[in-house]
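Single-letter residue listing:
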Amino acid sequence: MTALDRIATRQTAYRARLFVRLTCLAALAFKFVSWPLWTGGSGLPILPVLSILEGMPLAVHVTLTIWSVLFLIILFFRPGSAGVARVLVALELALCLLDQARWQPWEYQLLLTFAFLSLGDSKRFLQMSALLVGAIYVFAGIHKIHPAFLHLVWDAMILKPFFGVTGASSAYPWLHRAGLLLAVSEVVIGLALLFIRRKRVAVIGALLLQTSILLLVGPWATGKNDILVVWNLWMAASVLLLFPIGERITLQWKRFPEMITVLLVVVMPIVGCFGFWPHYLSFDLYTGKAPYLLVEAQRLPPGLRPYRNAAFSREGVTEAVWWHDVTSAKAGAMPYPETAYYQKLAREWKRLHPHDGLVFKEARYPFGPSDFKEVK
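Residues numbered from 1 in each chain as written. Predicted model: local features only at pLDDT ≥ 70, side-chain atom pairs only at ≥ 80, totals over all residues. Heavy atoms only, no water.

Chemist: Explain the pairing of strand S3 (residues 359–363) here, please?
Modeler: In summary, the side chains of a regular strand alternate between the two faces of the sheet. Of the strand pairs in this sheet, strand S1 (residues 292–297) and S3 are connected by five bridges, and their pairing is antiparallel. Residue Glu 296 lies in a different strand from S3, and its bridge partner there is Val 359. The pairing of S3 with strand S4 (residues 372–374) spans three bridges and is classified as antiparallel. Of the residues in S4, the one forming a bridge with Lys 361 is Glu 374. (Pairing = 2+ DSSP bridges. Helix = DSSP H or I, 4+ residues; strand = E, 2+ residues; numbered from the N terminus.)

So, in C-alpha cells, the structure goes:
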C-alpha cells in the first residue's frame, strides 16, 4: 500500500485533526516570517480598511497578534474545537481590518479554512477546504495565461537564471511559450482534484508542481519572499489530506455556508478575471498582472535608499524603488496590489513625511511610458 493509499484509508475525523494541526503550524510560520506586518513594527504606514480605525495604538496590533498566536497554539492541541476556530476568525478579521496590507492571499486562505472549521462538522470542513484548494489551483493557472507571467515570471525568474535562455537564443520563442504549459497544467490539476474520482495522477502532479515552485522561485533562488516556502509546504500537505484517492466532493450546495463558499471561491474569482474583484482574493498569484508601485524622488529618504532600483533610477535626476522590494524586506510580505490601496498609501506617506518629495506611480506590464500613472 502506497502513502497515498494509506492516507485515503484514514478516517475523516483523523484527517481533519491532522489538517487542522498542519494549518495551525502554517499560520504560526506565516506570522513568524511576516511578524512586522502584524505588529506594525515595519515602520511603513498602517492603513485600516475603515477610517474610524485610523490612529489605533500599536499596542492594539501587538495584543491582537499575540492573542492570535495563543489561540493557534490552543487549536493545535484542540483541533476539533469549533469555538476556538471562531475566536481565531474574529481575531484575524480584526487584524485585517486594522491594516489592508494584511489582506494577503495566504491569510485569505487561512481565514476561510478556520471559518469552515467553525461549522463543527469534520466532513464538511474537509470538503469545503478541498473546494478552496482546488479553486486556488484553477484560478491561479487561469491568471497565468498572460504575457505578464511569461515575461516577468517565466522568462525572468526561470528561463534566464536557471537555464541561461535569453531572447537571443534560437530556441527562445518555443521555450518562452512553453510557460503556458505550466499555467494550463495548474488549471488541469485543480479541475482533476475537484471532479475526477481517481485522483492519484492529479495528486502527484500537484506535489510535483509545489516542489518545482519551491526549487525554482523559493528564497534560495530569488533571495526573497521566504513566505513562499511555508505556503507551498502547506499546499502540498493540503493536497495529500484533502483529496483522498477515490473520493468525490459531496457537499449539499443548498446550505447557506456552502453557498457563501461557492460565491467567494468560485463566483467572485470569475468576476476577478474581468477586473472587478481584488487580485489576491481572485487567486491571481505571482502572475505579474497586478499593478506595481514605483516610488521616485530626487533623493530617496534613508529608509528607502537601500532598496533603490538602478534600472529605473535616472542618474543625477531621480532615484526609484519598487514598493514590493520595500515591503518584502521590512514587513516580510508583498504589498496589497490594488489602486485604491496605493492611493491611500501615497496620501498617508505624504502626510507623515511631507518633506520627502516622493512621487508614487502605479505601473503595469509591459512598463512602457504610458503604463506609468501617478498615484495621488
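Chemist: Please clarify how the packing of aromatic side chains should be interpreted in this entry.
Modeler: Any pair of aromatic rings gets described here by the distance separating the centres and the angle formed by the planes. One pass over the full model with this rule turns up 20 aromatic pairs. Measuring from centroid to centroid gives 5.5 Å for Tyr 292 and Phe 367, while their planes differ by 75°, and the two rings are edge-to-face. Taken together, the residues Tyr 292 in strand S1 and Phe 367 in the loop between S3 and S4 connect sequence positions 75 residues apart. Owing to a relative accessible area of 22%, Tyr 292 belongs among the partly exposed residues under this scheme. Three or more aromatic residues joined by ring pairs make a cluster, and in this case those are Tyr 292, Phe 312, Trp 322, Tyr 365, Phe 367 and Phe 372. Directly above the aromatic system of Phe 76 lies the positively charged group of Arg 21, at a separation of 5.8 Å from the ring centroid. Positioned over the ring face of Trp 38 is Lys 31, at 4.1 Å from the centre of the ring. (Phe/Tyr/Trp six-rings, centres within 6.5 Å; stacked < 30°, edge-to-face > 60°. Buried < 20%, exposed > 50% of the residue type's maximum accessible area, 1.4 Å probe, protein only. Lys NZ or Arg CZ within 6 Å of the ring centre and 35° of its normal.)

Chemist: Which parts of the structure should I look at to understand the nonpolar core?
Modeler: Looking at soluble globular proteins, one finds that nonpolar side chains tend to be buried together. Core analysis: the biggest nonpolar cluster contains 88 residues, and Phe 30, Tyr 137, Leu 193, Phe 243 and Trp 323 have the highest contact counts within it. For this core, the element with the most residues is helix H7 (residues 122–144), which contributes twelve residues. Of all hydrophobic cores here, the second largest spans ten residues; its members include Leu 150, Val 153, Ile 158 and Leu 159. (Core = buried A, V, L, I, M, F, W, Y, C linked by side-chain atoms within 4.5 Å.)

Chemist: I would appreciate a short explanation of the environment of Leu 25 in the present structure.
Modeler: Structurally, the position occupied by Leu 25 is in helix H2 (residues 12–33). The exposure class assigned to Leu 25 is partly exposed, which follows from its relative accessible area of 44%. In the structure, Leu 25 is positioned 344 residues away from Pro 369 in sequence and 45 Å away in space, judged by C-alpha atoms.

Chemist: Which parts of the structure should I look at to understand the sheet that holds strand S2 (residues 319–322)?
Modeler: One key point about sheets: their strands pair by backbone hydrogen bonds, in either a parallel or an antiparallel sense. Sheet architecture is open: four strands sit in the order S2-S1-S3-S4, paired in antiparallel fashion. Every interior strand has two partners, whereas the edge strands, S2 and S4, have only one. Neighbour-to-neighbour, the strand axes of the sheet open up by a mean angle of 30°, direction not taken into account. Here helix H15 (residues 323–330) sits on the sheet and contacts S1 and S2; the angle it forms with S2, its principal contact strand, is near 60°. (Axes fitted to C-alpha atoms, helices over the stretch in contact; angles between N-to-C directions. Contact = heavy atoms within 4.5 Å.)

Chemist: Can you walk me through helix H13 (residues 227–242) in this structure?
Modeler: Residues that lie three or four places apart on an α-helix share one face, since the helix turns once every 3.6 residues. With 16 residues, H13 extends 22 Å between its outermost C-alpha atoms, agreeing within 8% with the 22 Å of an ideal straight helix rising 1.5 Å per residue. Taking burial as the measure, the 16 residues of H13 include 14 buried ones, the bulk of the element. (Expected span 1.5 Å × (residues − 1).)

Chemist: Looking at this model, I keep getting lost on the pattern of salt bridges. Mind explaining?
Modeler: A side chain of one charge can pair with a side chain of the opposite charge if their charged atoms are brought near each other. Enumeration over the complete set of coordinates arrives at ten salt bridges. Residue Asp 284 pairs with Lys 289 through a salt bridge whose shortest N-O separation is 3.9 Å. According to the relative accessible area criterion, Asp 284 is buried, its value standing at 4%. Connected through shared salt-bridge partners, Arg 124, Arg 255 and Glu 258 make up one network. (Salt bridge = Lys/Arg side-chain N within 4 Å of Asp/Glu carboxyl O.)

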